[in-house]
Amino acid sequence: MASDSGGRDYNLTELFALKFVLADVVIIAALLLAGPWVAVAITALFVLSFILLWYLTRPADDTDEPEQAVDPVTQLQQRYAAGELSESEFEHRLDRLVESNERADRAGVDTDELELEYERSD
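What counts and what doesn't
- All residue numbers here refer to positions counted from 1 along the written sequence of the relevant chain.
- Per-residue local features of the predicted model are confined to residues with pLDDT of at least 70, and side-chain atom pairs are confined, for both listing and counting, to 80 or more; whole-chain, interface and lining totals are unaffected and use all residues.
- Side-chain figures throughout are based on the complete set of non-hydrogen atoms in the structure, without hydrogens or water.
- Each pair of aromatic rings taken from Phe, Tyr and Trp, with Trp reduced to its six-membered ring, is defined by centres within 6.5 Å and is described as stacked if the planes are under 30 degrees apart, edge-to-face if over 60, and tilted in the remaining cases.
- Only runs of H or I of at least four residues qualify as helices and only runs of E of at least two qualify as strands under DSSP, and these elements are numbered from the N terminus.
- Within the patch definition used here, like charges are joined within 9 Å and nonpolar side chains (Val, Leu, Ile, Met, Phe, Trp, Tyr) within 5 Å, considering only residues with over 30% relative accessible area and no salt bridge.
- Only the protein chains shown count as cover for residues, and the accessible areas themselves come from Shrake-Rupley with a 1.4 Å probe.
- For salt bridges, the criterion is a side-chain nitrogen of Lys or Arg within 4 Å of an Asp or Glu carboxyl oxygen.
- Positive residues here are Lys and Arg, negative ones are Asp and Glu, while His and the chain termini are left out of the count.
- In plain terms, the charge of a residue is placed at NZ if it is Lys, CZ if Arg, CG if Asp and CD if Glu.
- Think of it in three bands: residues with accessible area under 20% of the maximum for their type are buried, residues over 50% are exposed, and the middle band is partly exposed, with areas taken using a 1.4 Å probe on protein chains only.

A. Spatial organisation of the packing of aromatic side chains. Counted under the stated rule, the structure contains three aromatic pairs. Aromatic side chains Y80 and F90 sit 4.9 Å apart centroid to centroid with 25° between the ring planes, which places their arrangement in the stacked category. Note that Y80 is positioned in helix α3 (residues 72-81) and F90 in helix α4 (residues 87-107), a separation of ten residues in sequence. Members of the aromatic cluster, each reached through a chain of ring pairs, are F20, F46 and F50.

Below, the structure written as structure tokens:
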């Protein structure tokens, strides 16, 4: 929202306030110059635009998104702390994880979205 010529950044609240002030000016001008029905129609359009703008700029619901994924190392640590893995098994899996991450880095693969897959031995 800032211009390259050193303009000011406006946050969303300031933009809504500016829009309300401009809307008031336009509605009053329409009421004075064109009559009450035009002013009512313009007011309805402004209200609909405010609702649409609010809907498009609101943050996404946290309920729609899955919970944050725990990184693979933390998963291993949790399983080790819970007693699901022995120390040697934990170290072996951690080494494999580090090696695969290093291979992915060398290959230029982004591993941020990858999850650790493991077989549960119940």
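B. Fine view of a negative patch on the surface. Taken together, the side chains of E87, E91, D95, E99, E102 and D105 define an acidic patch exposed on the protein surface. With respect to the helices, strands and loops of the structure, E99 is situated in helix α4. A relative accessible area of 43% means that E99 is categorised as partly exposed.

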